[in-house]
Amino acid sequence: MAVAKPTIVLGAWLALAFLASVVLGSAGAFAHAFLDHAVPLVGSTVHGSPGEVKVWFTQELEPAFSSLRVVDQNGAQVDRQNNAIDPGDRAVMKVSLPSLPPGKYKVFWHVLSVDTHTTEGTFSFEVVP
Ligand SMILES: [Cu+2]
């Protein structure tokens, strides 16, 4: 029995290490950059054209592979194509807008987060006079 005891202790440590890697691994899987909130608010109606679309993500982004695009009801891109990550907060990306006529607009985002995972999504907002 004096020989078996260290083996059991080692086995317990390995089991613990395995459990820890499973827990930490699954936590990491939820760490991608997803949309946290945006201005204009997701699905909102705004009076007058907003000057820009600004999106807050759940994780910092890699600027070279992240983009934000705004299209009108016909699918034509209407933003100023100057999407950039906020130098003060790398989890924030924005793009400028010209004066938009009333209508429905859709925002497409496609980002690469610092953990090298790519995520994308869309949301819409409506401009009314
Ligand atoms: Cu990730």
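A brief report on the enclosed structure follows. Chains are numbered independently. Their residues run from 1 in the order of the written sequence. For a predicted model such as this one, the threshold for reporting local features is a pLDDT of at least 70, and the threshold for listing and counting side-chain atom pairs is 80 or more; totals across whole chains, interfaces and linings nevertheless cover every residue. Excluding hydrogens and water, the side-chain figures rest on all heavy atoms present in the structure.

1. Observations concerning the sheet that holds strand β2 (residues 45–47)
Let me state the cut-off plainly: At least two bridges found by DSSP between two strands is the condition for calling them paired. For the purposes of this entry, the term helix denotes a DSSP run of H or I that reaches at least four residues, the term strand denotes a run of E that reaches at least two, and both are numbered from the N terminus. Axis lines are fitted through C-alpha atoms, for helices just across the contact stretch, and the angle between N-to-C directions can take any value from 0 to 180 degrees.
Reading across from one edge, β2-β8-β7-β4 is the order of the four strands in this open sheet, with mixed pairing throughout. Each of the sheet's edge strands pairs with one partner strand only, and the pair in question is β2 and β4 (67–71). Put simply, the sheet's adjacent strands are angled 25 degrees from each other on average, direction ignored. Pairing analysis gives three bridges linking β2 to strand β8 (residues 118–128), with the strands arranged parallel. The residue of β8 that forms the bridge with T45 is E126.

2. Things to note about the coordination of the copper ion
Stated precisely, the cut-off is as follows: Only nitrogen, oxygen and sulfur atoms count as donors, using a 2.8 Å cut-off from the metal that widens to 3.2 Å for Na, K and Ca. Water is left out, so coordination shells may look unfilled.
Protein ligation of the copper ion involves H32 (ND1), D115 (OD) and H117 (ND1), the donor distances falling in the range 1.8 to 2.1 Å. All donors of the copper ion come from a single chain, and their spacing in sequence reads H-x82-D-x1-H.

3. Things to note about the sheet that holds strand β6 (residues 92–96)
The strand order across the open sheet built from four strands is β1-β3-β6-β5, with neighbouring strands paired in antiparallel fashion. Where the open sheet ends on each side, the last strands, each with one partner, are β1 (35–39) and β5 (84–85). Pairing geometry for β5 and β6, over two bridges, is antiparallel. For I85, the partnering residue across the bridge sits in β6 and is M93.

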